[in-house]
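Given next are the chains, with one letter for each unit.
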Amino acid sequence: MRGPLGAVLERYPITTEDGGIIRHNRKCRDVAFLVIFIAFWVAMIVNSSFGFNQGNPLRLTYGLDYKGNVCGDKHAHPGLHQLELKYWLNPNQVYQSGVTDSQFKLSNARSICLLDCPTPLEDSLSWVCDYPEGDMHLSMDDWIDRNYDYYEILTSEMKNASLQLQGPCYPVIFPSVNVYWSCQYIARASNASLRHWKQMGGVDIKEDIIVDKSIHSFINSRSSVLKRYMADIGKAWPVLIVCGGLLPLFLSVVWLLMIRYFVAAMPWITVAFFNILIITVTVFYYLKAGWIGNDAISPIIGDHDPYIHVFGRELNHLRAASILMTFIMVLSILTSIAIVRRILMGTSVLKVAAKVIGEVQALIIFPVIPYSILAIFYMVWISAALHLFSSGQVVQNNCNTNCCAYDLLSEKVNCDHCCGYSVRYTPHIAVSIFFHLFGCYWATKFFIACSSTVIAGSVASYYWTRGETSSEVPVLPVFDSMKRLIRYSLGSVALGSLIVSFVESIRFILESFRRKLKVAETTPDSWFGKMVYHTSQGCLRCVEWTIKSVNRNAYIMIAITGKSFCRSSAIATELIMNNILRLVRVNVIGDVILFLGKLFVSLSSAVFGFLVLDTHKYSSGHNKLSSPLLPVLVCWTLGYVVATLFFAVVEMSIDTLILSFCQDSEEHEGTAQFAPLLLMETLNEQNDMQRLT
């Protein structure tokens, strides 16, 4: 029986009189959107160039000294190579910045960069002096060798200024510890140092927990935490390459080969390993959150007093992620149990795909091409993102603070220039970052869509030439399909990927507003308001899922018919609506198994990411991460993207065969003429009903 697509299919036939490959006349489609996509890439290049020109990733990890230099910057004046720790010299300024009604800010307190955090001596008073300048004929190396102390060679005027906490030397009264490359004061003043300080006639130094809290709140501000998360990505780039790129590549290829040769066992293996891995990831989160064992992340870098405990926002974020993973784990296990009885139906569908993978040459190795392109893109994109996040301008603060300090160059106490420096981010930088994020998402969707379309074209060639018995399938149908895509359909793919990216970006923005409203307790109180509120969220998710589904089928019809994106979407939708029962019965379980397979690969990436980041290299010293959370999530995401590229071979093979079967049936009054025998057995309605009952 011919459905409503008869007129369309007659005007744009898929088969030729001799049953050959798709040979009807094609022409370029949706060219305007291809132009938009190219223009967008030009804008991405310009935007990234701005980041590379203005950014400095060192700012994401290390602080600024009182001269505006980034700690650890060897090009600064003076050179600060290896001097990566920010230390506040004047404890009274730190105290003043923590007082509630004080106008003094910690960013204006005098700070320098050191190699390690100083600690008080038990038998004498130790000092930390300013950078050697002027008549202090000391090199930076000599200054470091003297443990930053040249108090003994100061003039009497300089010593008197130092006793007034005006420098150039300042007493070490409080012990300090390296917390995320800033010396955190510990509110436990050394009695011996205080006694020596008072005997020398030094001014009173405030002893209070405020000196601890002031620095702690500065280190744990939201902007500081965000910068550290971004810096973690830069430090963990070898882990991202191995666990987010190479490992999922290997696992995906192995999974495809096992689907090819052990298709009956793969659904069971996938479900079993998926459950094991999701439990493992959840346990790792519990370990790092400190709820199992004593392996919780610590913000303190290097050796420290075991009785000193410092907590950061990162630990709270890990605990929230642990709770979320617990719910996901329970839901996933229950879902996998629910589909156990349906796995046999999914296996029959996978057998058809395995047959096609064996027949169509180069189908397994084709995803390596988009994988390589995406790998290069991600490396450049992440580097540009780090520069964009750090591309603010280092400017002196605008303050009215009266804080005097001895100037070694002018050889006198100067009270005029005591405002510190900070990185100022203009609004256009935030726009650039969001533009950069959207560009990554669109590019990812575009390359995945191109890969899916090429695979669909290859499988369609196999189907419409009776691939099992015909010699008309090209020697390399994958590359023929690539040529058709590049020559005719790039604009259509750009349009489809843009629609998905735009809808998901809108949903993300609305979800962000929803969370802010929830935090502000402005969620509607009435039952009607709550109903509308939650219904709108559900509808938006349904729209997003529908668009994704329509897009995937549209790519198949683009590969088969060569029509524009909108026309292909209409054809695919009509075919699906005319054969909805057949598609639902056969394809749903196969999609679930493939989704679990993607999660299996991505979870493996996350587990290995956890294991590598738990080594000494990333848990202490120069490369210490503030938290494994973001690098693990990036490994998880990259693993999922890689798995999507490779699993599309199976996914698109199934969908293309089913849509081709439906279209074949439409053209030939309900009886498919070109379907392989195994596909006809799988999609036979009578067999399906017997299998269901």
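Remember, it's a predicted structure, so these values are computed and weren't measured experimentally.

Here we take up the overall build of the protein. The secondary structure content of the protein amounts to 23 helices and ten strands. Put simply, the protein has 693 residues, and 55% of those count as buried. For the protein, the accessible area works out to roughly 32100 Å², and carbon and sulfur atoms hold 61% of it.

On to the nonpolar core, then. Formed by 132 residues in total, the largest nonpolar core has its most connected members in Trp255, Val281, Tyr285, Leu363 and Val650. Residue contributions to this core peak at 22 residues, all from helix 21 (residues 629–667). Apart from the residues lying within four places of it in its own chain, the contact partners of Val281 are Met325, Leu603, Ala606, Val607, Phe610 and Trp636. In terms of nonpolar packing, the next biggest core, distinct from the first, is built from 67 residues, Val70, Trp88, Val94 and Ile300 among them.

Time to look at the UniProt feature "transmembrane region" (unreviewed entry) in the protein. Those residues carrying the UniProt feature "transmembrane region" (unreviewed entry) are residues 31–52, 236–259, 265–287, 320–340, 360–381, 485–510, 592–613 and 629–650 in this numbering. Secondary structure content for residues 265–287 is 96% helix and 0% strand, while the C-alpha to C-alpha distance between its ends is 33 Å.

This part covers the pairing of strand 2 (residues 111–114). Burial along strand 2 is two-sided: the residues Ser111 and Cys113 and Ile112 and Leu114 are all buried. Pairing of strand 1 (residues 85–88) with strand 2, which is carried by four bridges, proceeds in the antiparallel orientation. By the bridge assignment for strand 2, Trp88 is matched with Ser111.

Applying the stated criterion across every chain yields a total of three disulfides. Each sulfur of the disulfide joining Cys71 and Cys113 lies 2.0 Å from the other. An S-S torsion of about -75° defines the bridge between Cys71 and Cys113 as left-handed. In this pair, Cys71 sits in the loop between helix 3 (58–61) and strand 1 while Cys113 sits in strand 2, placing the two residues 42 residues apart along the sequence. Residue Cys71 is classed as buried on the basis of its relative accessible area of 0%.

Within the secondary structure layout, Asp480 lies in helix 16 (residues 477–519). Owing to a relative accessible area of 27%, Asp480 belongs among the partly exposed residues under this scheme. Asp480 sits 23 residues away from Gly457 along the chain, and the two C-alpha atoms are 8.4 Å apart.

Along the chain, the position of Gly245 falls in helix 10 (residues 237–261). Between the C-alpha atom of Gly245 and that of Gly639, which follows or precedes it by 394 residues, the distance is 6.7 Å. Leaving out residues up to four positions away in the same chain, Gly245 has contacts with Leu240 and Tyr371.

Tracing the backbone shows Glu651 in helix 21. You can call Glu651 buried: its relative accessible area is 10%. Within the local environment of Glu651, its side chain forms a polar contact with the side chain of Lys598, the two groups lying 3.2 Å apart. Setting aside anything within four residues of it in sequence, one finds Glu651 in contact with Arg552, Asp591, Leu594 and Lys598.

Before going further, it helps to spend a moment on helix 6 (residues 156–163). Taken as a whole, helix 6 has its buried residues at Met158, Ala161, Ser162 and Leu163. Check the buried side of helix 6 and you find it contacts strand 3 (127–129), strand 4 (169–171), helix 7 (191–199), strand 8 (405–407) and strand 9 (412–414). Downstream of helix 6 by one or two residues, Leu165 has phi in the positive range, about 60°.

Okay, the packing of aromatic side chains next. Under the criterion given, the structure shown has 28 aromatic pairs. Ring centres of Tyr66 and Tyr131 lie 6.1 Å apart, and the angle between their planes is 15°; on these two criteria the pair is classed as stacked. With Tyr66 in the loop between helix 3 and strand 1 and Tyr131 in the loop between strand 3 and helix 5 (140–145), the pair connects residues that are 65 residues apart, well separated along the chain. Here Tyr66 matches Tyr131 in class, with each residue buried. Cluster of aromatic residues (ring-pair linked, three or more members): Phe37, Phe40, Trp41, Phe377, Tyr378, Phe435, Phe438, Trp442, Phe446 and Phe447. Against the face of Tyr66 rests Arg110, its NZ or CZ located 3.8 Å from the ring centre. Above the plane of the ring of Tyr151 lies Lys159, whose end atom (NZ or CZ) is 5.5 Å from the centre.

On the surface, Trp237, Ile241, Val242, Leu246, Ile376, Met379 and Val380 cluster together into a nonpolar patch covering about 690 Å² of accessible area. Secondary structure elements with two or more residues in the nonpolar patch: helix 10 and helix 14 (368–389). Topologically, Trp237 is positioned in helix 10.

So, about helix 2 (residues 31–54). End to end, helix 2 covers 35 Å across 24 residues, agreeing with the expected 34 Å (1.5 Å per residue, within 8%). Taken as a whole, helix 2 has its buried residues at Phe37, Phe40, Met44, Asn47, Ser48 and Gly51.

The next thing to look at is the pattern of salt bridges. As a working rule, side chains carrying opposite charge can pair if their charged atoms are close by. Enumeration according to the criterion identifies eight salt bridges in this entry. Between Lys67 and Glu133 there is a salt bridge whose closest N-O contact spans 2.3 Å. Taken together, the residues Lys67 in the loop between helix 3 and strand 1 and Glu133 in the loop between strand 3 and helix 5 connect sequence positions 66 residues apart. Overall, the relative accessible area of 25% leaves Lys67 in the partly exposed class. A relative accessible area of 16% places Glu133 in the buried class. Here Lys288 and Asp614 are joined by a salt bridge, their closest N and O atoms 2.3 Å apart. Taken together, the residues span a long stretch of sequence, with Lys288 in helix 11 (residues 266–288) and Asp614 in the loop between helix 19 (580–613) and helix 20 (616–619) at a distance of 326 residues. Lys288 sits in the buried class, given a relative accessible area of 8%. Here Asp614 falls in the partly exposed class, since its relative accessible area comes to 33%. Connected via shared salt-bridge partners are Arg552, Lys598, Glu651 and Asp655.

Model confidence for the protein is summarised by a mean pLDDT of 82, while 84% of its residues fall at 70 or above. By mean pLDDT, helix 1 (residues 6–11) is the weakest element of the protein at 40, and helix 14 is the strongest at 94. Every residue in residues 519–523 is under pLDDT 50, and counting partners more than four places away or in other chains gives four contacts.

Within the secondary structure layout, Asn316 lies in helix 12 (residues 313–338). Overall, the relative accessible area of 47% leaves Asn316 in the partly exposed class. Here the alpha-carbon distance between Asn316 and Ala289, two residues 27 residues apart in the chain, equals 7.8 Å.

Rules behind the numbers
Residues numbered from 1 in each chain as written. Predicted model: local features only at pLDDT ≥ 70, side-chain atom pairs only at ≥ 80, totals over all residues. Heavy atoms only, no water. Helix = DSSP H or I, 4+ residues; strand = E, 2+ residues; numbered from the N terminus. Buried < 20%, exposed > 50% of the residue type's maximum accessible area, 1.4 Å probe, protein only. Areas by Shrake-Rupley, 256 points an atom, 1.4 Å probe, with all protein chains shown as cover. Core = buried A, V, L, I, M, F, W, Y, C linked by side-chain atoms within 4.5 Å. Contact = heavy atoms within 4.5 Å. UniProt positions renumbered as here; feature names shortened; annotations may be inferred. Pairing = 2+ DSSP bridges. Disulfide = S-S within 2.5 Å. Polar contact = N/O pair within 3.5 Å; in protein donor to acceptor, adjacent residues only side chain to side chain. Phe/Tyr/Trp six-rings, centres within 6.5 Å; stacked < 30°, edge-to-face > 60°. Lys NZ or Arg CZ within 6 Å of the ring centre and 35° of its normal. Patch = residues over 30% accessible without salt bridge, like charges linked within 9 Å, V, L, I, M, F, W, Y side chains within 5 Å. Salt bridge = Lys/Arg side-chain N within 4 Å of Asp/Glu carboxyl O. Expected span 1.5 Å × (residues − 1). pLDDT = per-residue confidence, 0-100.

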